[in-house]
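Structure at a glance
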Amino acid sequence: MSQHGVGPRAVTRSVAFLTAGVLAVPALAGCGSEDPSGKPLAGQDIQPAPRDRITDGGTLRWAVDSVPDTLNTFQSDADATTTRVAQAVLPSMFRMDASGRPERNADYLESAKVVDTEPKQVVLYKLNQQAVWSDGREIGAADFAAQWRALSGKDTAYWTARNAGYDRIQKVERGDNDLEVRVTFSRPYADWRSLFSPLYPKDVMGTPDSFNDGARKKLKVTAGPFTVKKTDREDGEITLARNPRWWGEPAKLSEIVLRTVPRDKRASELAAGTLDLAEIDPAAARRITVAARPQASGSPLMGPGADRSAPDSLESWAVANGSDEDAAEEETVARKKLRKAAVRSARQQQALGGFEVRKSLEPAYTQLALNGAEGPLTDERVRRAVARALDRKELAQVVLKPLGLPAVPVGSHLALSGQAHYADNSGALGGQDTKEAQALLADAGWVRGGPVKKKKEKAAGPEGGKADETGEDNKAHDPVDHLAQDGKQYKAPHQGGAPGAYAPRGTAAPANQEAAPLAKNGKPLTLRFVLPSGPGSQTLRTVADRISRMLERVGIGTEISKVSDESYFKDHIASGQYDLALYSWPATAFPATDARPVYAKPVPAADGSLNVEQNYTRVGTDQVDQLFDEAVATLDESESRSLIRKADSRIWAAAGSIPLFQRPQLLAARKNLVNTGAFGFGTPVYEDMGFLKKGAKPASGPSAKGSAAP
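Below is a short write-up of the structure. (Residues numbered from 1 in each chain as written. Predicted model: local features only at pLDDT ≥ 70, side-chain atom pairs only at ≥ 80, totals over all residues. Heavy atoms only, no water.)

**Observations regarding the environment of P524**
As a reminder, the rule being used: Think of it this way: any DSSP run of H or I at least four residues long counts as a helix, any run of E at least two long counts as a strand, and we number them from the N terminus. Three labels apply to residues, based on accessible area from a 1.4 Å probe with only protein chains included: buried if under 20% of the type maximum, exposed if over 50%, partly exposed otherwise in between.
Within the fold, P524 resides in strand β16 (residues 523–524). The partly exposed category is assigned to P524, whose relative accessible area is 32%. A sequence separation of 33 residues divides P524 from G557, and the C-alpha atoms of the two residues are 8.0 Å apart.

Written as structure tokens, this is what we have:
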């Protein structure tokens, strides 16, 4: 799966509701007795095992994309590996359970709750009396206070990526004893559980210099089951070692080595025995699955020459033994190379038999983004027509069905199935309907057979910069094997849809002129579809091909532009140089905080530019903004969830982005490696990871660290 995703807490995302407004929303499922949040579509796949069956010691070699530029998760260049290290070595007051909901982390907290709401909200943290930093000092109020001051946004000398939540704190102080921390808020804050996770020591947060530079390359003081033993950027490795001062269940592993391995090299590294655990792509997953099967005559061949037909092989033999000496010599050399490659591949396949694929669904979803800032998509009717042309179920099946994962379209922008804020609000826009899409386009003035003025093609990219490949039309191949702005509102003719999701009653669908393109004012309705060109983005390109075909059926043309992976997000998505694009957002347990900058209505900045925060579609409404503001300030959890679901319905109706499917999560793991793999929503329990004792068997059921009520 493509890795073009955006992390909620490594960037700004972490990246007034009009009561008389004209945008009505269907009744929410949450108003009934049935919980609309449902259950996770796929559970964890981590080969659970009791601790007494796990060997004491051993080193886990785990593939990562890179050694991070910083170990400070609150800096803008933090990445997924930064988060992985922080989870293993730093305190978190709350962690995510298997449903993507926050739960108290009993290793650090005895309790945490709101003890006052008037005149101010006060949260009282009672710390685990055994919790200490690796230098022996107790974790306490001084650490909380230092983190608040660093992240409050009041001191610009701290180079922080985000201050959401911390900017609402008025003071942090010691409670009745050293194990109590009282946090008083200046404004109510519903997502208070998002704070102080991770918690850095005051040595890091205490001064701008220590914050900006002290935790970039090393963490001297930690408080988790592991410590940072060594960071080797030259060799691309971070080594984590057991923390001798850890008070919880001792880590089973002696060390965890996070190794930088490119995704297209991971299958080879696994086969070579230099990795134990790695996230992989669907092609590598197929190799490992085949390697794990008992060998039989019916097993599919893989590797060099596996796809060569009998006639091809016969022809090769004939050339190698023919009278043309030059051709024979060349073919003989080629056959030797092929045999060597086949032997090497066979050895790799045999070695891969010691691994298995563990799979789940990532806590992230892929969406189709529609740029509402310029071109035809500034018209909300055209955006809605694009959305109504899509068969989201088919798109989910293309990606997930071959992997044996649930192919269910995502029904929310702000949560995923199983999370507390989830509800399927896609009805606010409506499902796939070709006639409705065509009627919306006709109402927007796009008609078939109109005159079209020819113009030169322009490559996708800032200032017309050259893309790697541009100008492909919507007749691209479909390699399945590889895998709003406020505007005029309309009365919905069908129950369950939001105004504007349908064309006005009585609008006639255009005549069937399939050969003629839609046009308006001499311009064809053609949208620039920008995609990454790297080998890891094959799935995105497959989905884009399907989308292009769906749009073609309603008269919308697409011009596919493939650009380098390096420039895809920075030079195209963030800068608005696209009409259509595919990228992913992670799920969050705190959408009122984390998702607001993604859907906030863009506003003019002081220099005249448009401040979009992380709303790269440039589509937003005042109603959505106010619903977020109300949700984050509402301490009634049920009411806050209801407000988030209302906001999601309005985001659907604006049709700035269309959630498609939850991303697959595929990991290759050594068969005797337990309590790790595809974690889904859950936070990994690093101290429980390890290798089975000889002759021991894993548990028969799912394993998760016991939930603790807040």
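This is not the end of the story, as more comes after the structure.
**Quick notes on the sheet that holds strand β4 (residues 109–116)**
For sheets, the rule is that strands pair by backbone hydrogen bonds, running either parallel or antiparallel. Put simply, the rule reads: Strands qualify as paired when DSSP identifies two bridges or more between them. Where helices are involved, their axes are fitted lines through C-alpha atoms of the stretch in contact, as for all axes, and angles between N-to-C directions lie from 0 to 180°.
Strand order in the open sheet formed by four strands is β4-β5-β7-β6, and the pairing between neighbours is antiparallel. Each of the sheet's edge strands pairs with one partner strand only, and the pair in question is β4 and β6 (169–174). Averaged over all pairs of adjacent strands, the angle between strand axes in this sheet comes to 15°, irrespective of strand direction.

**With respect to the sheet that holds strand β15 (residues 518–520)**
The strand order β13-β15-β16 describes an open sheet built from three strands, whose pairing is antiparallel. Across the chains shown, the open sheet's two edge strands, defined by having one partner strand only, are β13 (447–448) and β16. Where β13 lies against β15, two bridges are found, and the strand directions are antiparallel. Bridge assignment links R448 to a residue of β15, and that residue is L518.

**Notes on the nonpolar core**
The test is simple: We call a set of buried residues a nonpolar core when its members are Ala, Val, Leu, Ile, Met, Phe, Trp, Tyr or Cys and they connect through side-chain atoms within 4.5 Å of each other. In what follows, a contact means two residues having at least one pair of non-hydrogen atoms within 4.5 Å.
M93, Y125, F196, L240 and Y599 are the most contacted members of the largest nonpolar core, which totals 100 residues. With seven residues, the single largest contributor to this core is helix α2 (residues 141–151). Ignoring anything within four residues of it in the chain, the contact list for F196 reads P91, S92, M93, Y125, F144, Q147, W148, Y166, I169 and V183. Grouped together as the second largest cluster of nonpolar side chains are 62 residues, A271, V382, L405 and W446 included.

**Some remarks on helix α1 (residues 80–89)**
Going by this rule: Each C-beta atom gives one direction from the helix axis, and the arc is the one those directions make.
Of the residues making up α1, those classed as buried are T81, T82, V85, A86, A88 and V89. Projected down its long axis, α1 shows its buried positions confined to an angular sector of 165°, all on one face. Next to the buried residues of α1 lie β1 (59–64), β8 (226–232), β9 (237–242) and β10 (255–260).

**Here's the deal with the pairing of strand β19 (residues 580–586)**
With seven of seven residues buried, β19 is to be regarded as a mostly interior element. Where strand β12 (residues 355–370) meets β19, seven bridges bridge the pair, whose relative direction is antiparallel. In the strand pairing of β19, A364 is matched with P586.

**Focus: the packing of aromatic side chains**
Convention followed: Pairing of aromatic side chains here covers Phe, Tyr and the six-membered ring of Trp, requires ring centres within 6.5 Å, and sorts the geometry by plane angle: under 30 degrees stacked, over 60 edge-to-face, intermediate tilted.
With the rule as written, the count across this model stands at 18 aromatic pairs. Taking 5.4 Å as the distance between ring centres and 50° as the angle between the ring planes, the aromatic pair formed by Y125 and F144 counts as tilted. Taken as a pair, Y125 in strand β5 (residues 122–127) and F144 in helix α2 lie far apart in primary sequence, 19 residues in all. Taken as a pair, Y125 and F144 share a single burial class, namely buried. Between the aromatic rings of Y166 and F196, the centroid separation amounts to 5.4 Å while the plane-to-plane angle is 90°, which identifies the pairing as edge-to-face. With Y166 in the loop between α2 and β6 and F196 in the loop between β7 (180–185) and α3 (202–205), this residue pair connects regions lying 30 residues apart in the sequence. Given a relative accessible area of 0%, F196 falls into the buried group. Taken together, the ring pairs connect F74, F94, Y125, F144, Y166, W192, F196 and Y200 into an aromatic cluster.

**A short note on the packing of helix α16 (residues 622–632) against helix α17 (residues 637–654)**
Operational definition: For this classification, under 35 degrees means roughly parallel, over 145 means roughly antiparallel, 65 to 115 means roughly perpendicular, and everything else is oblique. Handedness of each helix crossing follows the sense of rotation of the near helix against the far helix: counterclockwise by less than a right angle gives left-handed, clockwise gives right-handed. We call Asp, Glu, Lys and Arg charged. Ala, Val, Leu, Ile, Met, Phe, Trp, Tyr, Cys and Pro are nonpolar, and the rest, Gly among them, are polar.
Interaxial distance between α16 and α17 falls to 9 Å at its minimum, and their mutual angle equals 165°. Between α16 and α17, the angle falls in the class roughly antiparallel. Note on packing geometry: the crossing formed by α16 with α17 is left-handed. Residue-level inspection shows Q623, V624, L627, F628, E630 and A631 of α16 in contact with α17, the latter providing S640, L643, I644, K646, A647, R650 and I651. In terms of residue class, the contact of α16 with α17 is built from eight nonpolar, two polar and three charged.

**Regarding the pattern of salt bridges**
In plain terms, the rule: Salt bridges, as used here, are contacts in which a Lys or Arg side-chain nitrogen is within 4 Å of a carboxyl oxygen on Asp or Glu.
Per the stated rule, a full pass over the model turns up 30 salt bridges. As a salt-bridge pair, E637 and R193 come within 3.2 Å of each other at their nearest N and O atoms. Using a relative accessible area of 17% as the deciding quantity, one classes R193 as buried. Salt-bridge contacts for E380 lead to R384; the nearest nitrogen and oxygen are separated by 3.7 Å. Taken together, the residues E380 and R384, both in helix α9 (residues 380–389) and four residues apart, mark about one turn of the helix. One salt-bridge network, held together by shared partners, links D65, R263, R266 and E279.

Coordinates in, geometry out; function isn't part of it.
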